[in-house]
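Chain by chain, the residues:
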Amino acid sequence: MAINLQKVTIEKTGDTASIDLTKNRSASSEIVINLNWSQGTTKKSFFGNLLGGNSEIDLDLGCFYELDNGEKNVIDGVQFSKGNGGNRDQKTRQGRYTNSPWIWHTGDDRGAAAGSGENIVVNPAGVNGIKRMIIYCFIYDGVAKWTETNGVVTIKVEGNPDIEVKMGEQTDSRKFCAIAEIIFSPTNLQVKKLVTFHNTHSDCDKMYSWGMKWATGSK
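Below: a short report on this structure. Every value quoted in this text rests on a predicted model; they were computed, and no experiment measured them. (Residues numbered from 1 in each chain as written. Predicted model: local features only at pLDDT ≥ 70, side-chain atom pairs only at ≥ 80, totals over all residues. Heavy atoms only, no water.)

**Quick notes on the packing of aromatic side chains**
Applied cut-off: Pairing of aromatic side chains requires ring centres within 6.5 Å, counting the rings of Phe and Tyr and the six-membered ring of Trp. Pairs whose planes differ by under 30 degrees are stacked, by over 60 edge-to-face, and all others tilted. Numbering of helices and strands runs from the N terminus; a helix is a DSSP stretch of H or I covering at least four residues, while a strand is a stretch of E covering at least two. Under the scheme applied here, a residue whose accessible area is under 20% of the maximum for its type counts as buried, over 50% as exposed, and between as partly exposed, the area being computed with a 1.4 Å probe on protein chains only. Placement of a charge over a ring requires the Lys NZ or Arg CZ to be within 6 Å of the ring centre, with the centre-to-atom vector within 35 degrees of the ring normal.
Taken as a whole and assessed by the stated rule, the structure comprises 7 aromatic pairs. Ring centres 6.3 Å apart and planes at 5 degrees place the aromatic pair F138 and F176 in the stacked group. Of this pair, F138 sits in strand β10 (residues 130-139) while F176 sits in strand β13 (residues 176-184), and the two are 38 residues apart along the sequence. The burial state of F138 is the same as that of F176; both residues are buried. Among the aromatic residues, ring-to-ring pairing joins F64, Y136, F138, F176, W210 and W214 into one connected group. Directly above the aromatic system of Y97 lies the positively charged group of R88, at a separation of 4.1 Å from the ring centroid. The ring of W210 has R132 sitting right over it, with the charged end atom 3.8 Å from the ring centre.

**Here we look at the pattern of salt bridges**
For side chains of opposite charge, pairing can occur when their charged atoms come near one another. Defined as follows: Between Lys or Arg on one side and Asp or Glu on the other, a salt bridge is scored when a side-chain nitrogen of the former is within 4 Å of a carboxyl oxygen of the latter.
Within this structure, the stated rule accounts for 7 salt bridges. Residue K7 is joined to E164 by a salt bridge in which the shortest nitrogen-to-oxygen separation is 3.7 Å. In this pair, K7 sits in strand β2 (residues 7-10) while E164 sits in strand β12 (residues 162-166), placing the two residues 157 residues apart along the sequence. What you see here is one network of salt bridges that share partners, running through K7, E164 and K166.

**Structural notes on the pairing of strand β14 (residues 188-198)**
To keep it simple, the criterion reads: Two strands form a pair only when DSSP identifies at least two bridges running between them.
Burial analysis of β14 places 8 of its 11 residues in the buried class, the great majority of the element. Taken together, the 5 bridges between strand β3 (residues 16-20) and β14 define a ladder with antiparallel strand orientation. Bridge pairing in β14 places A17 opposite V191. The sheet contact formed by β13 and β14 spans 8 bridges and is antiparallel. Across the sheet, C177 pairs through a bridge with F197, a residue of β14. Following β13, the chain reverses through 3 residues before pairing antiparallel with β14.

Structure, rendered in structure tokens:
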């Protein structure tokens, strides 16, 4: 594990790091979960090249979450596409910030190298009601060329060093990667590096015993 005053990098799968939620309570303690990546390129088919060459890799950030009351659900761009999302005050498939589940995805980013990536924000007012989250990303369209993405998930809470989980030089052909698990308590967050690969949301669900029901979706 690499540590400096601004950042803690969890280097080994299975290792953990903590964020102190009681530290610097006078400042905003909003929890920001950021996914950023290099654009890279995915090669299209022969006919695709004739029509426009290569396309940028698009990663999608998502999470499974479980509340203390037993509620379990999932948030990502596939879930809130086609009008199923909403602003941070509405409870939609995009989550909700101002009331339960206190977790909200800020929106899809088509090409993180040009911006700040994708973010999920957690309202500190709801931390006592959240049990756990799994943070994941997936390649919705194109070949799973993870080596070209340099994907990094960063968990940020003001007043604490950022916790960083890098995917590293991965060569797995599956398009879904569970990157980190976050366990919540009233005083701290425990972040564990996972970086396991799966064919679908459902496969990841089974590995980590979430027990949700799944149907095929599209953006």
